[in-house]
Amino acid sequence: MRIVEAFDIYRFYHVEEEETLALRGVSLSVESEEIVAVQGPSGSGKTTLLSCLSGLDEPDGGYVTIMGKHITRKPEVERAKIRAQMVGIMLQSGNLFGHLSVEDNIKLQMHLSGKIDTVWLDKLIEEVGLTERRYAFPMHLSGGESARAGLAVAMAAKPVLLLADEPTGEVDFNTEKQILSLLDEYRKKGNAVLIVTHSNAVANFANRIIHLFDGRIVNNE
Ligand code: ADP
Ligand code: MG
């Protein structure tokens, strides 16, 4: 089953007279039970792509569907509704509320989506390796811990589409393995996962790798 489809996505940024062609004609789809890795140099459009797929950003051309529903060119209220029900997104920063502990950040996401599951809460915290940091506040977390907490928040409501920007950046080998096994188990439940990663271990683990260069897909294995 097709979970997400992007058709001919274009995204341009304008800063004064300078135009950046962040995405130029990107088409892709991710099926249920698939983990797809996105790789590409800095500035190639990876984060912009995730934002467009999640409906956080609106492409200038093309469209995105999630479970067959158009998320592009819809009012923000409708996009937010689709996002809350179906998409989990972990960005490179800004995933956590500073005044809430790791546990409360995850719980908040569960409350917002109406899917409270304390067994899943415990499992998530354990599998992202944050048992010891469960009650810690974001300002006291390391970069790697923040990333893992952000991933747990993105997975809290068990979204059918999980998007993650560098979930294993700054983590040690064992934690990376643990995160990969969590993602694998998650995918097997029928979900789709798209991860931006510089890690070759993560890319090799994925079912498919999409290479971005200068806003275009250069090959699609
Ligand atoms: P990546 O995640 O692959 O490093 P990004 O998607 O962040 O790439 O950025 C793609 C291009 O778009 C880069 O040239 C970047 O400078 C530019 N860009 C990204 N966000 C903005 C923005 N909000 N305003 C202007 N330019 C942006
Ligand atoms: Mg980026």
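Analysis parameters
- Residues numbered from 1 in each chain as written.
- Chains lettered and ligands numbered in written order.
- Predicted model: local features only at pLDDT ≥ 70, side-chain atom pairs only at ≥ 80, totals over all residues.
- Heavy atoms only, no water.
- Donors = N, O, S within 2.8 Å, 3.2 Å for Na, K, Ca; no water.
- Helix = DSSP H or I, 4+ residues; strand = E, 2+ residues; numbered from the N terminus.
- Buried < 20%, exposed > 50% of the residue type's maximum accessible area, 1.4 Å probe, protein only.
- Near = heavy atom within 4 Å.
- Polar contact = N/O pair within 3.5 Å; in protein donor to acceptor, adjacent residues only side chain to side chain.
- Areas by Shrake-Rupley, 256 points an atom, 1.4 Å probe, with all protein chains shown as cover.
- Salt bridge = Lys/Arg side-chain N within 4 Å of Asp/Glu carboxyl O.
- Core = buried A, V, L, I, M, F, W, Y, C linked by side-chain atoms within 4.5 Å.
- Contact = heavy atoms within 4.5 Å.
- Phe/Tyr/Trp six-rings, centres within 6.5 Å; stacked < 30°, edge-to-face > 60°.
- Pairing = 2+ DSSP bridges.

J.: Describe the coordination of the magnesium ion (ligand 2), listing the residues and the values that go with them.
T.: Tetrahedral coordination by four donors places them ideally at 109.5 degrees to one another around the metal; octahedral coordination by six donors ideally gives 90 or 180 degrees. Those donors, Thr47 (OG1) and Gln92 (OE1), are the protein atoms that reach the magnesium ion (ligand 2), and they lie 2.1 to 2.8 Å from it. Of the two residues, Thr47 is situated in helix H1 (residues 46–54) and Gln92 in the loop between strand S6 (87–90) and helix H3 (102–113); the sequence distance between them amounts to 45 residues. Taking the relative accessible area as the measure of exposure, Thr47 reaches 32% and is therefore partly exposed.

J.: Quick one: what's the story with the site of ligand 1, residue by residue and with numbers?
T.: If you check the shell around ligand 1, you find Tyr13, Val15, Thr20, Ala22, Pro41, Ser42, Gly43, Ser44, Gly45, Lys46, Thr47 and Thr48 and nothing else. Between ligand 1 and the protein, one listed contact pairs an oxygen atom with a backbone N or O atom of Gly43 at 2.7 Å. Between ligand 1 and Ser44, the relevant distance is 3.1 Å, taken from an oxygen atom to a main-chain nitrogen or oxygen of the residue. Within the complex, 62% of the 560 Å² of free accessible area of ligand 1 lies under protein. A total of 3 residues in the shell around ligand 1 trace back to one element, the largest contributor, which is H1.

J.: So what's going on with the pattern of salt bridges? Residues and values would help.
T.: On inspection of all chains with the given rule, the structure shows 18 salt bridges. The salt bridge partner of Asp57 is Arg11, with a shortest N-O separation of 2.8 Å. Separated by 46 residues along the polypeptide, Asp57 in the loop between H1 and strand S4 (61–66) and Arg11 in strand S1 (residues 2–15) bring together distant segments of the chain. Note on accessibility: Asp57 and Arg11 belong to one class, buried. Taken together, the shared-partner salt bridges in this structure form one network comprising Glu58, Glu76, Arg79 and Arg83.

J.: Just give me the short version of the nonpolar core, but keep the residues and values in it.
T.: In terms of nonpolar packing, the biggest core is built from 35 residues, with Ile106, Leu151, Met155, Leu162 and Leu183 touching the most fellow members. Taken together, the elements giving at least two residues each to this core come down to strand S3 (35–39), H3, helix H4 (118–127), helix H5 (143–155), strand S7 (161–165), helix H6 (173–188), strand S8 (192–196) and helix H7 (200–205). Of all the elements, H5 adds the most residues to this core, at 7 residues. If near-sequence neighbours (up to four positions away) are discounted, Leu183 is found in contact with Ile35, Met155, Leu162, Val193 and Ile195. By size, the runner-up hydrophobic cluster in this structure holds 29 residues, among which are Ile3, Leu28, Leu163 and Leu194.

J.: Could you give an account of the packing of aromatic side chains, with specific residues and numbers?
T.: Here the structure, examined in full by the defined rule, presents 3 aromatic pairs. Taking the centre distance of 6.1 Å and the plane angle of 65 degrees together, the rings of Tyr10 and Phe12 count as edge-to-face. For Tyr10, a relative accessible area of 31% gives the class partly exposed.

J.: Let's hear about the pairing of S3: which residues, and what values?
T.: For S3, a buried count of 5 out of 5 residues is recorded, marking the element as mostly surrounded by other parts of the structure. The alternating pattern of S3 places Ile35, Ala37 and Gln39 and Val36 and Val38 on opposite faces, both of which are buried. By the bridge criterion, 4 bridges tie S3 to strand S9 (residues 208–213) in an arrangement that is parallel. Across the sheet, residue Gln39 finds its bridge partner in S9, namely His211.

J.: Can you tell me about unusual backbone geometry, naming the residues and giving the values?
T.: Positive phi, close to 50 degrees, is recorded for Lys158, a residue that is not glycine. Mapped onto the fold, Lys158 is located in the loop between H5 and S7. Here Lys158 falls in the partly exposed class, since its relative accessible area comes to 39%. Here the phi dihedral of Glu166 falls at roughly 55 degrees; this positive angle occurs in a residue that is not glycine. Secondary-structure assignment places Glu166 in the loop between S7 and H6.

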